[in-house]
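As a plain string of letters, each chain reads:
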Amino acid sequence: MTAQTAPIALDFDEGIDRKTLRRLRDRFMGVNRQRWERARSALTYRQQMVLEILPLVFHINHPSLPGYTDASCPYGLSHYRPTDEVLNTARRLARTFALKDEGRRRPDLEALFLMGSPGTLGHSVASDLDIWLCHRPDLNDSGVACLERKATRLGEWARSLGVELHVFVFSADEFREGRQRAEVTGENCGSAQHFLLLDEFYRTGIHLGGRYPLWWLIPAEEESRYQQRVQQLVDCRFIRADEYIDFGAVTSIPRAEFLGAGVWQLYKGIDAPWKTILKLLLVECYALGEDRPLLSKVFKQAVFSGVTDANRLDPYLLLYERLEQWLTENQASERLSLVRQSLYLKSGLPLTRMDAGSGDWRVTLLTSLVAQWQWPLDDMRSLDDRAAWRAENVISLRRQVVSELTHSYRLLSQLAREEGIKASISHHDMNLLGRKLYAAFQRKAGKIELINPGLAPSLAEENLSFHHQSEQGDGSALDGWLLFRDLEDPSDAFWQPVIRRSGNLTELMVWCYCNGLLTRSTRLNVRGGSSNASVAELRDMLDALALCLPMPVAPVSREALSQGVRPLSHLLFVNVGIDPQAHLTERGLHKLSARHDSLGFSGGRENLVITIDQVTYNSWHEVSLQHYAAGDTLIQCLKNILASAAAAPGQLPDIQVHCHSSGHGAAIARRVQELFSDVMRAFFAGDNGPHPLRYVIEMDRRYFLLSFNGTEPGFIAADSKAALLDCLARPLEGYLPVLFDQYAMTDDPQLKAVCHATEPGSVQVFYRINGKTAQVWAVDELGGVFSWQQPFSSRRYLLVPLLRFLENLLERKQLRQLEAFAGPTATRCYELVLIDGQWRAEARPDATRQGVSLAGLEVQAVGVQEGDVRVRFDIFCADQEFTVQEYGDQLIPAVAHYIRSMRAGQDAYPVYLTDVHLPHDLDPQVYQQDIQTIQYLYYRTVLEESLNRYLAD
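Along each chain, residues carry numbers from 1 onward, in the same order as the chain's sequence is written. Selection of residues for local features in this predicted model requires a pLDDT of at least 70, selection of side-chain atom pairs for listing and counting requires 80 or more, and totals for whole chains, interfaces and linings are taken over all residues. Only hydrogens and water are set aside when side-chain values are computed; all heavy atoms of the structure are taken into account.

- Under an unreviewed UniProt entry, the name given to the chain is Class I adenylate cyclase, and the organism recorded is Marinobacter confluentis.

If you want it as structure tokens, here you go:
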């Protein structure tokens, strides 16, 4: 075909003829044939089969051909006649294949097109094949679904041949009316763009079979009256209805599409930056230059005018020429330079290593462009040698790419806001794309930035050196790390370039691993300085990362983006570069102990967990790192992991722990792993939660009480056992049982047995007799635990006063809430006994049936709250009243004197309160509607101790 033929002019007003229309259609088909040959020539021999066989597998529903699903699948491609070459290809795939005459059966499929970069300068070995399969508009839903399944199977078959094939199934009527059912996926732009997509289709589409596009026959200058001219062709019978397919006209791009298209191109730019830069700039050019014709119109005008040379009509060349003209007019030389670089890299042709006389049309076309750009040879060599690009090169280039992508997006966003334009992209699709962009580009604390989004084939290094800053010999006190390459002699660090600096060795390791610098074959060198880091430790860390965090990260699925982000896995590195017992190791000593709990090791109860580095991989495929080195590192880490798990209790993350510390590394990792597993199991049992409870951990001679407030975890630190008991006796808003870590409170197993036996909604009394003393624990209706010790003479005198007090309290609560009482109905007694070395709570029902009457004085206390002063009590002994107002600070001595005077003998035996009344404003800042039983018991104990102290005196 010659490069230039005579122009074709269609004058609808003066008259047109079928011969001219046929000549015009044949001209477009001729250009189409050139593009098809070019697309085919870029593929390997096996891959060419995919392109050749595609029309046939949809025209014939043969079980031996690729993609076959079932006999009911729609088939038949309008006006398609397979060539001998296609039939031979089919027989190579399936020897039993034979073409059968289907008679005059109505075909189910109207047309098949290939669109995008195939057959263009921008086509490379990594390019996908995007196919439009158009079925007849009245095809039922089951037929469409069957075609979609067949398309999926074809994609899998093509992938086995090294071709990434995507088949989009729809009808032209649906497309023309904007009724596609597609949603945003990896290859489908969903609702993000319609006319921009159609503009691209008309200038890049290759007709593979079926009906031809009606758009070919409407002159560019007539597109404003497109529907009128179409109707004229149909009414006058210049064309037959079964010959063409109509996707509609593209007279202009609605401004509502620009924002959605910008977001979509950014989304694609995460994995394919070079193509995205070109397309995003074209969208920007369209948005700001409405006086310029669309590229599809430029293409059609050229064909009408007689241009048939595929080079001059190349879609990527037309795209570049438009951007060059626009950017030159706007004096944007740096952006134009990036456009040229993007086009060069998108083509995938390393010209400095190729023969210009090879006859490859792409090499010839690109060489002529580069000659116009006057690129220095060294710059071309650098671009051609992408395999040798290092991290520094990629970081700099990525910065340019991200800057350009975000510049265009912000401009389109600003344009939409200023003109009050509502984006045509659906809210749901916009959210999906926004989340993908956020995950890829958004910077946030601790996030590991991925620097190589398809810029270089590999960043793997043969040698990496990790140097602690204390090795620099400059007196620096900074506790940071430097990353070098090929650094054998530490003294060379002064003039060697630093790849990366970090205050944390784990962050440097994870960054190297996630960005592909660090592989199993990389040779490592470590200069640990004041740290204890070693090559062996880094190797172990690399193994742990490879096991828990496989690279490269797979693309995030649409389903994952549709949901909130949640952690998938946590990898905890404990004590990286740290020996928790360095003071002993330096002297060649190693501490042995029967107490092997790593959180309370040896008689000194040392916590061997000094630092934790938490590596998290989430459902949006982000990797982040959080370093814990100050304060209660393990508890802080545990709290943060609990908080993230509370957002999705039915999908708990996997947790792995790694520790290389010499001597105790395996034991430390095992202990931390057990602790995290036990805590997660307690709070999220049954795949829901967080459950209301309090979890006690003992560590470094201290106690930590973990609990949730709604979905927010928190903890209370107690420096002693007494402080912990005070915490357990504090008022609660709901029932919160107490669970103990398996290594906690080993010196008080009775308390663990008490808490293990608690039940909601009841008041329980536990006691243990130890000679002449008894330890008593009371657990109330909300799980509050209060304990005290008192002299023991008999079970009757131990229990009856307490049970009488609790019965009076229960009776008063029932009377106050007569109609809706939901509190405890009885008190249960248990005695702690040692059975087979284990403390157990055995019920003592007889204790509650011994009667609550003991001869003695009725002593009641009534609390009075006055302002911010601590609550004070009036005391009633039988009929005698002792008030704070009358006795002041001498109230307790006065009551004790009165009680002593009422006794017949001089024996100093204890007095027990029979009732206590408390005001609802015990805390002046809060009105407490229902006061807990343990609060009454607390004040009863305080008053009894004071009275008995004076009685003893």
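## Some thoughts on the overall build of the chain
Phase 1: On a plain count of helices and strands, the chain comes out with 28 helices and 27 strands.
Phase 2: As defined in this context, the radius of gyration uses C-alpha atoms, and a globule is described by 2.2 Å times the residue total to the power 0.38. Radius of gyration (C-alpha) of the chain: 40 Å, far over the 30 Å computed for a compact globule of 953 residues.
Phase 3: In terms of principal-axis extent, the alpha carbons of the chain reach across some 135 × 75 × 60 Å.
Phase 4: The classification of residues rests on relative accessible area computed with a 1.4 Å probe and restricted to protein chains. Under 20% of the type maximum is buried, over 50% is exposed, and intermediate values are partly exposed. Across the 953 residues in the chain, those meeting the buried criterion constitute 53%.
Phase 5: The contact definition used throughout considers only heavy atoms, calling two residues in contact when any of these lie within 4.5 Å. For the chain, contacts bridging at least 24 residues in sequence account for 68% of all contacts bridging at least 6.
Phase 6: What sets the accessible areas is the Shrake-Rupley method with a 1.4 Å probe; for residues, cover comes only from the shown protein chains. When the accessible surface of the chain is totalled, it reaches about 43700 Å², and 48% of it is carbon and sulfur.
Phase 7: The convention is simple: Lys and Arg are positive, Asp and Glu are negative, and His and the chain ends are not counted. Where a charge lies is defined by one atom per residue type: Lys uses NZ, Arg uses CZ, Asp uses CG and Glu uses CD. Of the side chains in the chain, 101 bear a positive and 118 a negative charge, and the two mean positions are spaced by 6 Å. Each helix is a run of H or I in the DSSP string that is no shorter than four residues. Each strand is a run of E no shorter than two, and both are numbered from the N terminus.

## Observations concerning the pairing of strand 15 (residues 694-699)
Phase 1: A large share of strand 15 lies buried, amounting to six of its six residues.
Phase 2: Alternating residues of strand 15 divide into Arg694, Val696 and Glu698 and Tyr695, Ile697 and Met699, and every residue in both groups is buried.
Phase 3: DSSP calls a pair of strands paired once it identifies at least 2 bridges connecting them. Pairing analysis gives three bridges linking strand 15 to strand 18 (residues 738-740), with the strands arranged parallel. Directly across from valine 696, in strand 18, lies its bridge partner phenylalanine 740.
Phase 4: Bridging between strand 15 and strand 16 (residues 702-709) involves five bridges; their strand directions are antiparallel. When the sheet's bridge partners are listed, valine 696 is paired in strand 16 with leucine 705.
Phase 5: Following strand 15, the chain reverses through two residues before pairing antiparallel with strand 16; aspartate 700 in that reversal takes a positive phi of roughly 55°.

## Let's talk about the packing of helix 12 (residues 333-347) against helix 13 (residues 361-373)
Phase 1: In the contact formed by helix 12 and helix 13, the axes pass within 12 Å of each other and the chain directions differ by 160°. By the angle between their axes, helix 12 is roughly antiparallel relative to helix 13. The element helix 12 and its partner helix 13 pack so that their crossing is left-handed. For the pair formed by helix 12 and helix 13, the contact residues are Arg340, Leu343, Tyr344 and Ser347 on the first element and Arg362, Leu366, Leu369, Val370 and Trp373 on the second.
Phase 2: Residues are grouped as follows: Ala, Val, Leu, Ile, Met, Phe, Trp, Tyr, Cys and Pro are nonpolar; Asp, Glu, Lys and Arg are charged; all remaining types, including Gly, are polar. Grouping the amino acids of the contact of helix 12 with helix 13 by side-chain chemistry returns six nonpolar, one polar and two charged. To define axes, lines are fitted to C-alpha atoms, for helices over the stretch in contact only, and angles between the resulting N-to-C directions are given on a 0 to 180 degree scale. Note on angle classes: values under 35 degrees are labelled roughly parallel, values over 145 roughly antiparallel, values of 65 to 115 roughly perpendicular, and the remainder oblique. Handedness of each helix crossing follows the sense of rotation of the near helix against the far helix: counterclockwise by less than a right angle gives left-handed, clockwise gives right-handed.

## Focus: the domain arrangement of the chain
Phase 1: By convention here, the domain bounds are inherited from an automatic or database domain assignment. Per the domain assignment, the segments making up the chain are domain 1 (18-250), domain 2 (277-436), domain 3 (460-552), domain 4 (756-843) and domain 5 (859-952).
Phase 2: On a C-alpha basis, the centroid separation for the pair domain 2 and domain 3 is 38 Å.
Phase 3: With four residues of domain 2 at the contact, the number on the domain 3 side is five residues.
Phase 4: Together, the buried faces of domain 2 and domain 3 total about 410 Å²; carbon and sulfur atoms form 51% of this surface.
Phase 5: Summed over both partners, the accessible area lost on bringing two parts together, with a 1.4 Å probe, is the buried area. It is Arg390, Ala391 and Glu392 in domain 2 that bury the most area against domain 3; as a group they hold 86% of the surface buried on that side.
Phase 6: For this analysis, a salt bridge means a side-chain nitrogen from Lys or Arg found within 4 Å of a carboxyl oxygen belonging to Asp or Glu. Where domain 2 meets domain 3, there are two salt bridges.
Phase 7: Among the ionic pairs, arginine 485 bridges to glutamate 392, the shortest N-O distance being 2.8 Å.
Phase 8: Polar contacts, as counted here, are pairs of nitrogen or oxygen atoms within 3.5 Å of one another; within protein the pair requires one atom able to donate a hydrogen and one able to accept it, and residues that are adjacent in sequence qualify only if both atoms are side-chain atoms. At the surface where domain 2 touches domain 3, the tally comes to two residue pairs in polar contact (both at pLDDT 80 or more).

## A short note on the packing of helix 11 (residues 315-329) against helix 12
Phase 1: The contact between helix 11 and helix 12 brings their axes to 9 Å, and the two run at 170°. Considering their axes alone, helix 11 and helix 12 lie roughly antiparallel with respect to each other. Of the residues in helix 12, those in contact with Tyr316, Tyr320, Leu323, Glu324, Trp326, Leu327 and Thr328 of helix 11 are Arg335, Leu336, Val339, Arg340, Leu343 and Lys346.
Phase 2: Of the residues assigned to the contact of helix 11 with helix 12, the class counts are eight nonpolar, one polar and four charged.

## What about the sheet that holds strand 7 (residues 463-468)?
Phase 1: Here we have four strands laid out as an open sheet, ordered 9-8-7-10, and mixed in their pairing. Two strands bound the open sheet, and with one partner strand each, they are strand 9 (500-502) and strand 10 (523-527). With strand direction ignored, the average angle separating the axes of adjacent strands in the sheet is 20°.
Phase 2: Examined bridge by bridge, strand 7 and strand 8 (residues 481-485) share five bridges and lie antiparallel to one another.

## Remarks on the pairing of strand 8
Phase 1: The element strand 8 is largely enclosed, with a buried count of five among its five residues.
Phase 2: Neither face of strand 8 is exposed, since Trp481, Leu483 and Arg485 on one face and Leu482 and Phe484 on the opposite face are all buried.

## Let's talk about the sheet that holds strand 21 (residues 785-791)
Phase 1: The sheet built from five strands is open, its strands ordered 21-20-19-22-23 with mixed pairing. A strand with exactly one partner marks an edge of an open sheet, and here the two such strands are strand 21 and strand 23 (838-843). When the angles between neighbouring strand axes are averaged without regard to direction, this sheet yields 25°.
Phase 2: One ladder, built from seven bridges, connects strand 19 (residues 763-770) with strand 20 (residues 773-779); its direction is antiparallel. Bridging across to strand 20, glutamine 764 finds its partner in valine 779.
Phase 3: The strands touched by helix 28 (residues 933-952) within the sheet are strand 19, strand 20 and strand 21, with strand 21 carrying the most contacts at an inclination of about 30°.

## Some thoughts on the pattern of salt bridges
A side chain of one charge can pair with a side chain of the opposite charge when the charged atoms of the two come close.
Phase 1: Scanning the model with the defined rule gives 44 salt bridges in all.
Phase 2: Notably, a salt bridge pairs aspartate 741 with arginine 671, separated by 2.5 Å at the nearest N-O pair. Of this pair, aspartate 741 sits in the loop between strand 18 and helix 24 (749-756) while arginine 671 sits in helix 22 (residues 665-683), placing them 70 residues apart in sequence. In terms of burial, aspartate 741 and arginine 671 fall into one category: buried.
Phase 3: Within the structure, one salt-bridge network assembled from shared partners comprises Arg105, Arg106, Asp108, Arg136 and Asp138.

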